[in-house]
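Here's the letter readout for the chains.
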Amino acid sequence: MPVDTGKTAAPLEFRNVTKRYEGTDAAAIKDLSFVVPAGEVCVLVGPSGCGKTTAMRLVNRMIDMTGGEILIDGKSISGRSPADLRREIGYVIQHVGLFPHLNVANNIGTVPRLLGWDRKRIASRSAELLELVGLPAEMGKRYPSQLSGGQRQRVGVARALAADPPLMLMDEPFGAIDPINRDRLQNEFLRLQREIKKTVVFVTHDIDEGIKMGDRIAILREGGELVQYDTPDAILANPADEFVARFVGADRGLKRLALTNLEQVDLDEVTCVREGETISPGTWVDNDIVVVVDGERKPIGEMTRDVSSDSAVTLGSARPVGASIPITASLRDALSLMMTESIRPLLVLDGEGRVAGWVSIDQINKAVRQVPNESAAIDAAGIDLDK
Ligand SMILES: Nc1ncnc2c1ncn2[C@@H]1O[C@H](COP(=O)(O)OP(=O)(O)O)[C@@H](O)[C@H]1O
Ligand SMILES: [Mg+2]
C-alpha cells in the first residue's frame, strides 16, 4: 500500500506575543516574535518555566494571549474557533494522553472521526500511519496499556499526523523516554519529517535534543523572552550572549560534531578482500586491518595484517567485524561509539550496508579544530584526542 505522506505545511508566525496568566505579575511570554517557515522544524528551548509550553498552548488556543498575534499560513488565529483550529494542528505531548479505552487504531482515528471520515478511510489511514511511524499493523488492535513507552509515543505521533495537519506542535514529546529509545525516536522522527515536511514546533529543555532536531532553534529565557533565533550551527558558533553561551555549554565545539555527518568527512580507504582472494601484504593501507567482504562489498569479517604471510584470505581466519557505524551518523555519534567501544577506527557503512571507509579519531580531531577557538572546548571536556 502506498503511504500517503501528505504534502501540506503552513508557516507559523509569532508577532509580538505576550501572555500574562491571571493573578500573576510577571509575564510568562513577553513580546515574542519569530517566524517558522513552512516545512521546517523550529525547536523552542530554554530552562524550565521559561514559557515553552505556554507558547505552544497559545498556538492551538488552549489558552488565549494577552497581546500580539499568531498567524498560521498568514492568517491570524484569533478569529478561529479553537475546535476547528485544533483539528488542523497535530499535538504531541510528553505523556502522550492516548485514550486508554480505545485501541491503537481508534486512537489514531480520533481526529478523522471528528472530521466525519467514513470507517474504511479511517481504517486505511490508521494502517498507513502505523507503517509510517514504524509499528507493525497488528499493533492497531492493542490497547495503550499493552505498549511500551516508546511505542506509545509513536502512536501519539501517528495520531497527531492522522488528518495530515499543516502544523505539528510537539511539547517534550520524548522527554519521558529512556536515552536509548529517545535517540531512536528522534532519529525516526527526523526520517519521517524528511518525507512529510511538516511545519513543526518542537519543545525541549535539552539543548542537545534541540541541536539534533531543529532546522532553527529559538532560545528562550525566563519570562518568555527570545534571546536568539538561528540555525543550530550559527548558535553554537556565535552564542548571542552569556546566557546562551552557558546554556549551550562549554562543549559547544563537541556539540557541533553532532551537526557534521560522516558523509561530509574524507573517510580513510578500507582494504577489502573477497573471501578466498589473495592479497599482497604490501597493498594493505594504513591501519593494518583488512575487511573481508562479500560480492556486494558488505563486510563479513576482518583480519589484522600478518606481514609474514601472503596466503589467501579465508573466512575461517577472519574474526567478526569490529564496531561499525552508518554513514548517515554524525561525528559525535562516531566519537561516542569510539569512547564506549574502543579507540580504533570505525568501519563506515553506506545505506546498503556496504563498506564506505574508516573514520578515525584523527578525522574527528581535525573537524573540531577547524572551528576557531574551539580546541579549548575539547580540553574542557577532558578528552585527549591525541592519545
Ligand atoms: N495556568 C497557569 N497559571 C499561572 N501561571 C502559569 C500557568 N501555567 C504556567 N504558568 C507559569 O508560566 C511560566 C511558564 O510556564 P511554562 O510555559 O509551563 O514553562 P515551560 O514549559 O518552559 O517549563 C511559569 O512561571 C509557570 O509557573
Ligand atoms: Mg513545559
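Residues numbered from 1 in each chain as written. Chains lettered and ligands numbered in written order. Predicted model: local features only at pLDDT ≥ 70, side-chain atom pairs only at ≥ 80, totals over all residues. Heavy atoms only, no water.

Caption draft 1: Inspection of the nonpolar core at higher detail. Counting 43 residues, the largest nonpolar core has M170 and F189 as the members making the most contacts within it. Listed in part, the 27 residues of the second largest apolar core include A55, L167, L169 and A218. (Core = buried A, V, L, I, M, F, W, Y, C linked by side-chain atoms within 4.5 Å. Buried < 20%, exposed > 50% of the residue type's maximum accessible area, 1.4 Å probe, protein only.)

Caption draft 2: Highlighting the site of ligand 1. Around ligand 1, a shell composed of Y21, A28, S48, G49, C50, G51, K52, T53 and T54 is seen. Interatomic distance of 3.2 Å between a backbone N/O atom of C50 and an oxygen atom of ligand 1. Between ligand 1 and the protein, one listed contact pairs an oxygen atom with a side-chain N or O atom of K52 at 2.9 Å. When the residues that make up the shell around ligand 1 are grouped by side-chain class, the tally is three nonpolar, five polar and one charged. (Near = heavy atom within 4 Å. Polar contact = N/O pair within 3.5 Å; in protein donor to acceptor, adjacent residues only side chain to side chain. Nonpolar A, V, L, I, M, F, W, Y, C, P; charged D, E, K, R; others polar.)

Caption draft 3: Summary view of the pairing of strand 10 (residues 225–230). Of the pairings in the sheet, the one linking strand 9 (residues 216–221) to strand 10 comprises five bridges and is antiparallel in character. From the neighbouring strand, R221 faces strand 10, where its bridge partner is E225. Two successive antiparallel strands, strand 9 and strand 10, enclose a turn made up of three residues, where G223 displays a positive phi of approximately 95 degrees. (Pairing = 2+ DSSP bridges. Helix = DSSP H or I, 4+ residues; strand = E, 2+ residues; numbered from the N terminus.)

Caption draft 4: Molecular detail of the layout of surface pockets. Here the largest pocket is characterised by a volume of approximately 1400 Å³. The wall of the largest pocket is formed by 37 residues, among which N187, L190, K212, A258 and D333 lie closest to the centre. With 11 residues, helix 7 (residues 179–196) is the single largest residue contributor to the lining of the largest pocket. For the lining of the largest pocket, the per-class residue count stands at 11 nonpolar, 11 polar and 15 charged. Per-domain counts for the lining of the largest pocket show at least three residues from each of domain 1 (12–249) and domain 2 (263–369). Each pocket or cavity is described by its volume, and for the second largest pocket that value is around 420 Å³. Taken together, 21 residues form the lining of the second largest pocket, with R86, I89, Y91, V111 and R159 sitting closest to its centre. Taken together, the elements giving at least two residues each to the lining of the second largest pocket come down to helix 2 (82–87), strand 6 (89–93), helix 4 (110–114) and helix 6 (149–161). Ranked by residue count, the leading element in the lining of the second largest pocket is strand 6, at five residues. Along the lines of polarity and charge, the residues of the lining of the second largest pocket split into 14 nonpolar, four polar and three charged. (1 Å grid on protein atoms, 1.4 Å probe; cavity = no way out; pocket = protein on both sides within 12 Å on 5 of 7 lines; lining within 4 Å. Points joined across faces, edges and corners; volume = space filled by probe spheres on them. Domains from an automatic or database assignment.)

Caption draft 5: Spatial organisation of the pattern of salt bridges. Under the defined criterion, the tally for this structure stands at 18 salt bridges. Where R15 meets E69, a salt bridge forms, and the shortest distance between an N and an O atom there is 3.7 Å. With R15 in strand 1 (residues 12–19) and E69 in strand 4 (residues 67–72), the pair connects residues that are 54 residues apart, well separated along the chain. A residue is classified by how much of its surface remains accessible, and E69, at 28% relative accessible area, is partly exposed. In this structure, E352 engages R354 in a salt bridge whose closest nitrogen and oxygen atoms are separated by 3.2 Å. Among the ionic contacts, a cluster of salt bridges with common partners joins E13, R15 and E69. (Salt bridge = Lys/Arg side-chain N within 4 Å of Asp/Glu carboxyl O.)

Caption draft 6: Just the packing of aromatic side chains, in detail. As enumerated under the stated definition, the model contains four aromatic pairs in all. With a centroid separation of 4.8 Å and an interplanar angle of 10 degrees, the aromatic rings of F14 and F34 are classed as stacked. With F14 in strand 1 and F34 in strand 2 (residues 29–36), this residue pair connects regions lying 20 residues apart in the sequence. The burial state of F14 is the same as that of F34; both residues are buried. (Phe/Tyr/Trp six-rings, centres within 6.5 Å; stacked < 30°, edge-to-face > 60°.)

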